[in-house]
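Architecture and fold: a report
In case you want the letters, here they are:
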Amino acid sequence: MSDIHRASRKSETVVVTGASAGLGRAIAREFGKNRAKVALLARGQSGLEATRKEIEREGGQALSLPTDVSDPDAVERAASSVEREFGDIDIWINNAMVSVFSPVKEMKPQEFKRVTEVTYLGVVNGTLAALNRMLPRDKGKIVQVG
């Protein structure tokens, strides 16, 4: 049985980064549809709110937390907010990423930097925030989407 369907039995708390669009939004909606409590992390407020409303329309619970995953303090604050609102985090899904479509020779150093900060450090920051909570309980799952 998949984690998505298991969540429906236990009302697990799930964090999804990059939840405002694309795959992250689809993952969040599926968990919500299966009655998980879903925390939505991304920078785009309008996308977060749309995802939250979609989950709630399906009967799920969602918490919208505008967060730049490249900022470790922001990710830590978001994780604390999730646990205050929904309880222990059971599943953390690192899905946030940034892409640049350009010939390499035309890319600027700050574009490489931003891609690295969000796509790589976002995973590091999310994983550390999740482990800070899961290791003391010896319970929880972290999923890396790449």
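Preceding this paragraph is the structure being described.
Rules of the game
- Residues numbered from 1 in each chain as written.
- Predicted model: local features only at pLDDT ≥ 70, side-chain atom pairs only at ≥ 80, totals over all residues.
- Heavy atoms only, no water.
- Helix = DSSP H or I, 4+ residues; strand = E, 2+ residues; numbered from the N terminus.
- Buried < 20%, exposed > 50% of the residue type's maximum accessible area, 1.4 Å probe, protein only.
- Axes fitted to C-alpha atoms, helices over the stretch in contact; angles between N-to-C directions.
- Parallel < 35°, antiparallel > 145°, perpendicular 65-115°, else oblique.
- Left-handed = near helix turned anticlockwise from the far one by under 90°.
- Contact = heavy atoms within 4.5 Å.
- Nonpolar A, V, L, I, M, F, W, Y, C, P; charged D, E, K, R; others polar.
- Core = buried A, V, L, I, M, F, W, Y, C linked by side-chain atoms within 4.5 Å.
- Pairing = 2+ DSSP bridges.
- Expected span 1.5 Å × (residues − 1).
- Polar contact = N/O pair within 3.5 Å; in protein donor to acceptor, adjacent residues only side chain to side chain.

1. A short note on unusual backbone geometry
- Backbone geometry places Arg 35, a non-glycine residue, at a positive phi of 75°.
- In this fold, Arg 35 is placed in the loop between helix H2 (22-33) and strand S2 (37-42).
- A relative accessible area of 42% means that Arg 35 is categorised as partly exposed.
- Unlike most non-glycine residues, Asp 138 shows phi in positive territory, near 55°.

2. Digging into the packing of helix H4 (residues 72-86) against helix H5 (residues 109-137)
- H5 packs onto H4 with a crossing angle of 40° between their chain directions and a minimal axis gap of 8 Å. Comparing the axis directions of H4 and H5 gives the class oblique. For the crossing formed where H4 meets H5, the hand is right-handed. Within the contact between the two elements, H4 uses Pro 72, Val 75, Glu 76, Ala 79, Ser 80 and Glu 83 and H5 uses Asn 125, Gly 126, Ala 129, Asn 132, Arg 133 and Arg 137.
- Taken together, the residues of the contact of H4 with H5 break down into four nonpolar, four polar and four charged.

3. Description of the nonpolar core
- With 19 residues, the main nonpolar core has Val 15, Leu 41, Leu 65, Val 82, Ile 89 and Trp 92 as its most contacted residues.
- For this core, the secondary structure elements donating two or more residues are S2, strand S3 (61-66), H4 and H5.
- Element by element, the count of residues in this core is highest for H4, at five residues.
- With residues up to four places along the chain from it excluded, the contact list for Leu 41 reads Val 15, Val 16, Thr 17, Gly 18, Ala 19, Leu 48, Leu 65, Thr 67, Ala 78 and Trp 92.
- In this structure, Val 16, Ala 36, Val 38 and Leu 48 belong to the second largest nonpolar core, which totals 15 residues.

4. Structural notes on the pairing of strand S4 (residues 91-94)
- Of the two faces of S4, both are covered, the one formed by Ile 91 and Ile 93 as well as the one formed by Trp 92 and Asn 94.
- Where strand S1 (residues 13-17) meets S4, three bridges bridge the pair, whose relative direction is parallel. Bridge pairing in S4 links Val 16 to Ile 93.
- Looking at chain direction, S4 and strand S5 (residues 141-144) are connected through four bridges and run parallel.

5. Things to note about H4
- With 15 residues, H4 should cover 21 Å at 1.5 Å per step; its first-to-last C-alpha distance of 21 Å lies within 8% of that length.
- Its side-chain oxygen at 3.0 Å from the backbone nitrogen of Asp 73, Asp 71 defines the N-terminal cap of H4.
- Downstream of H4 by one or two residues, Gly 87 has phi in the positive range, about 100°.

6. Side note on the environment of Gly 122
- Along the chain, Gly 122 turns up in helix H5.
- On a C-alpha basis, the gap between Gly 122 and Met 134 in space is 18 Å, while along the polypeptide they are twelve residues apart.
- In this view, Gly 122 contacts Val 69, Asn 94 and Glu 117; residues no more than four positions away in its chain are not counted.

7. Structural notes on the packing of H2 against helix H3 (residues 45-57)
- Closest axis-to-axis distance for the H2/H3 pair is 9 Å, and the angle between their directions is 25°. On the basis of the axis angle, H2 is roughly parallel to H3. The chirality of how H2 crosses H3 is right-handed. Taken together, the residues of H3 that come into contact with H2 (itself represented by Arg 25, Ala 28, Arg 29 and Gly 32) are Gly 47, Ala 50, Thr 51, Glu 54 and Ile 55.
- In terms of residue class, the contact of H2 with H3 is built from three nonpolar, three polar and three charged.

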